[in-house]
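# Notes for the structure review
What follows is each chain in one-letter form.
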Amino acid sequence: MTIRKVAVIGAGVMGAGIAAQVANAGTPVLLLDILPKDAPAKKKGNEDARNAVALGAIAKLKKSNPAALMHPRNANLIEAGNTTDDLAKLKECDWVIEAVIERLDIKQALYKNIYTFAPKAIVSSNTSTIPLADLVDKMPKAFRQNFLITHFFNPPRYMRLLEIVTGPETSPKAVERVSQFADISMGKSLVPCADRPGFIANRIGTFWLHAATTIAIKNKVDVESADALLGKPFGVPKTGVFGLIDLVGLDLIPHVLGSLQTTLPKSDAFQALGPAPTILGNMISQGMTGRKGKGGFYRQDEQKNKLVIDLQTGQYAAAKRPKPAAVEASKKGGLKALLEHNSPEARYAWEVMGQTLTYAANLVGEIAEDIEKIDRAMRLGYNWKYGPFELIDKLGTEWFARRLKEEGKKIPPILTAAQGRKLYRVAFGKLEFLTLTGKYQPIQRAEGVILLEDIKRASKPLASNMSASIWDIGDGVACLEFHSKMNSLNVFSLCMLRKAPKLVAKKGFKALVIYNEGSNFSVGANIGMLMVAQYIHLWLFIRWILWYG
């Protein structure tokens, strides 16, 4: 079952990042790419010149920010090579990951070569859009049995999601070997997906980005207002929509859109959004490809002042940091208050998110078998704080269905099944989700996985204060959890930290772990609060001396 050596073919940003994470797992990895155009003839002593593409990728990994390698020495586990000279080395590898350009003909030609040199290796593609059935078309049965899709998200070290797609002939043993290594050694959270274009996260995420962009242009909503509306109120990272496109690269968007528009049926709601906006092509042609280029929807001038593009004119102006009234309303009344606000900005937010959530709801049973997998994929792959069905629950299934009905839109089957009930509920201390049958099903964690949130639903803490708690997580193990703002350390968490060992010994626990499931394990000490505590202790000490002195 052990994966002893891995090969990654394709040393671009994603392929190199995957190789780095394999190296972070302490496993040797062979990184291959094509010969450079000016490569010298093959002879002893000029290997580095012929391996220049892969060597250049490794050099960039050492300087990348955020760091792709957990330690610079991990780069020593990455062996550079090229696809002309080194395919024979694939026979040493248990798992070969293909991460080349998203062209079916190139991938299929590569698979034939891989099968020639390593017929027993497990092979997977990092494709984000091409169905598995197309990838293995006309390939030998033995190849199809050892083939699957492992779709990593960028940057691979930090993005936990790994979408797994298998075919009808894929060997369960091959899936188990890869899954075990990706989970335990690489630290990935695996989500099984159906063999559909875009799989889960990119199918919904691309729809969301495309809708946000095209509708903003149509409704004349500026970039900053769009990001303020669709960002923090919905639990989306502070980049918002346009900031996220800048981060991933504007030049990737037309390729992903084109692939989905080619592979999805004409009846799919994605097709109604239309082609990529003209302004996107204009920006790309000028080198405005986002953070990796001269800038994107946002950029900085020579004085480091933040500039933002006008979606109507294509001209840049100083950022204004607007505060839409609908966003202000949401601070007190929540998402429903934002979407019900009487303003053009609120109508824009509803048009984008209403369509996105409806799209996700209509895909239950097609891209994944249940809502929990879809929510988990969006949280892990796009860093959404809440998945689409968790957002619908925040609005209320009855409210959401009624609004769709008022607009003459068809109600998705999962909302019909809900009949006004929540999509998630807690029953007997366990979290359950609604299925298309109208029945609830408990969430099943992967073998060996314990989540503190599950423990907290079913029990009470052994001890607790405003900043920390101690929980019995079973098997004779206690857990100390920080839950102050951003899990910062203060006098209350330090008091619980001091109390925990005594409590553990008294109750007969075998071990104590310090753990929480916040986005930050701990941002560090709350110096201000600790200083206040020190002053209070000093004041009490002086009072004691004066009183008893």
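Residues numbered from 1 in each chain as written. Predicted model: local features only at pLDDT ≥ 70, side-chain atom pairs only at ≥ 80, totals over all residues. Heavy atoms only, no water.

## What about the overall build of the chain?
This is how the line gets drawn: The helix and strand labels rest on DSSP assignments: H or I over at least four residues marks a helix, E over at least two residues marks a strand, and numbering proceeds from the N terminus. For this measure, only C-alpha atoms enter the radius of gyration; the expected value for a globule follows 2.2 Å times N^0.38, where N is the number of residues. For each residue, the accessible area found with a 1.4 Å probe, counting protein chains only, is set against the maximum for its type, and the residue is called buried under 20%, exposed over 50%, and partly exposed in between.
Each helix and strand counted, the chain has 21 helices and 18 strands in total. Expected size for 549 residues packed as a compact globule is a radius of gyration near 24 Å; at 26 Å, the chain falls within 12% of this value. Oriented by its inertia axes, the alpha-carbon framework of the chain measures out at about 90 × 60 × 60 Å. When burial is assessed residue by residue, the chain has 48% of its 549 residues classed as buried.

## Things to note about the pattern of salt bridges
Between side chains of opposite charge, a pair can form when the charged atoms approach closely. Going by this rule: By definition here, a salt bridge exists when the distance from a side-chain nitrogen of Lys or Arg to a carboxyl oxygen of Asp or Glu is within 4 Å.
Applying the stated criterion across every chain yields a total of 28 salt bridges. Here lysine 409 ties to glutamate 407 by a salt bridge, and the two come within 3.0 Å at their closest N and O atoms. Notably, a salt bridge pairs arginine 445 with aspartate 454, separated by 2.8 Å at the nearest N-O pair. On the basis of relative accessible area, arginine 445 is assigned to the partly exposed category, the value being 26%. Aspartate 454 sits in the partly exposed class, given a relative accessible area of 23%. Connected through salt bridges with shared partners, the residues Lys5, Glu79, Asp86, Lys89 and Glu92 form a single ionic network.

## A look at helix 7 (residues 172–185)
Quick reminder of the rule: Expected span of a helix: the number of residues minus one, times 1.5 Å. Directions from the helix axis toward the C-beta atoms define the arc.
Here helix 7 is 14 residues long and its end C-alpha atoms lie 19 Å apart, about the 20 Å a rise of 1.5 Å per residue gives. Within the span of helix 7, buried status applies to Ala174, Val175, Val178, Ser179, Phe181 and Ala182. The buried residues of helix 7 occupy an angular sector of 165° when the element is viewed end-on, so they sit on one face. When the buried face of helix 7 is taken as reference, the exposed residues oriented beyond 90 degrees from it are Pro172, Lys173 and Ile184.

## A short note on the sheet that holds strand 13 (residues 430–434)
Basically, it comes down to this: When DSSP finds at least two bridges between two strands, those strands are taken to pair. As a rule, the C-alpha atoms of each element are fitted with a line to give its axis, helices using only the stretch in contact, and angles between N-to-C directions run from 0 to 180 degrees.
Across the sheet, three strands lie side by side as 12-13-14; this open sheet has antiparallel pairing. Bordering the open sheet on either side are strand 12 (424–427) and strand 14 (440–442), each of which pairs with just one other strand. Strand-to-strand, the axes of this sheet are offset by a mean angle of 40°, without reference to chain direction.

## Overview of the packing of helix 15 (residues 371–382) against helix 16 (residues 388–395)
Quick note on the threshold: Between 65 and 115 degrees an angle is taken as roughly perpendicular, under 35 as roughly parallel, over 145 as roughly antiparallel, and anywhere else as oblique. Contacts are residue-level and defined by heavy atoms, with any inter-residue pair within 4.5 Å sufficient.
Contact pair helix 15 / helix 16: the axes reach a minimum separation of 7 Å and the direction vectors enclose 105°. Classified by the interaxial angle, the pair formed by helix 15 and helix 16 is roughly perpendicular. In contact with Ile371, Ile374, Asp375, Met378 and Arg379 of helix 15, helix 16 contributes Pro388, Phe389 and Glu390.

## Focus on unusual backbone geometry
Note the cis peptide between asparagine 65 and proline 66, where omega equals 5°. Relative to the helices and strands, proline 66 is located in the loop between helix 3 (52–63) and strand 3 (78–82). Look at the link from asparagine 154 to proline 155: it is a cis peptide, with omega at -5°. Secondary-structure assignment places proline 155 in the loop between strand 6 (147–152) and strand 7 (161–166).

## Digging into the packing of aromatic side chains
A ring pair, where both rings are aromatic, is described by two values, the distance of the centres and the angle of the planes. What counts, and what does not: For Phe, Tyr and Trp, rings pair up if their centres lie within 6.5 Å, where Trp contributes its six-membered ring, and each pair is then called stacked (planes under 30 degrees apart), edge-to-face (over 60) or tilted (otherwise). Throughout this description, the term charge over a ring refers to an Arg CZ or Lys NZ atom that lies within 6 Å of the ring centre and within 35 degrees of the ring normal.
Considering all chains together, one arrives at 14 aromatic pairs under this definition. Measuring from ring centre to ring centre gives 4.2 Å for phenylalanine 207 and tyrosine 359, while their planes differ by 15°; the resulting arrangement is stacked. A residue pair is termed long-range when its members are at least 10 positions apart, and phenylalanine 207 in helix 8 (residues 201–219) and tyrosine 359 in helix 14 (residues 344–362) qualify at 152 residues. Assigned by exposure class, phenylalanine 207 and tyrosine 359 land together as buried. In this structure an aromatic cluster arises from ring pairing among Tyr111, Tyr115, Phe143 and Phe147. Sitting above the plane of the tyrosine 316 ring, arginine 299 keeps its charged end 4.5 Å from the centroid. Sitting above the plane of the tyrosine 386 ring, lysine 394 keeps its charged end 4.2 Å from the centroid.

## Points about the nonpolar core
The line we're drawing: Here, nonpolar core means buried Ala, Val, Leu, Ile, Met, Phe, Trp, Tyr and Cys residues that are tied together by side-chain atoms lying within 4.5 Å of each other.
Residues Leu90, Trp208, Phe297, Tyr348 and Phe389 are the most contacted members of the largest nonpolar core, which totals 110 residues. If you look at the next biggest cluster of nonpolar residues, it comprises 33 residues, including Val8, Ala68, Ile97 and Ile164.

## Considerations on the sheet that holds strand 18 (residues 511–514)
The strand order 15-16-17-18 describes an open sheet built from four strands, whose pairing is mixed. Only two strands of the sheet have a single partner each, and these edge strands are strand 15 (463–464) and strand 18.

## Considering a nonpolar patch on the surface
Put simply, the test is: Here the term patch refers to residues with relative accessible area over 30% and no salt bridge, with like charges joined within 9 Å and nonpolar side chains (Val, Leu, Ile, Met, Phe, Trp, Tyr) within 5 Å. Surface exposure here means Shrake-Rupley accessible area, sampled with a 1.4 Å probe, where a residue is shielded only by the protein chains that are shown.
On the surface, Leu494, Leu497, Ile514 and Phe521 cluster together into a nonpolar patch covering about 330 Å² of accessible area. Overall, the relative accessible area of 36% leaves leucine 494 in the partly exposed class.

## Some words on the environment of valine 364
Residue position: valine 364 is located in the loop between helix 14 and helix 15. For the pair valine 364 and alanine 88, spaced 276 residues apart in sequence, the C-alpha to C-alpha distance is 43 Å. Among all residues touching valine 364, those that are not within four sequence positions of it are Glu369, Asp370, Ile371, Ile374, Phe389, Ile414 and Leu436.

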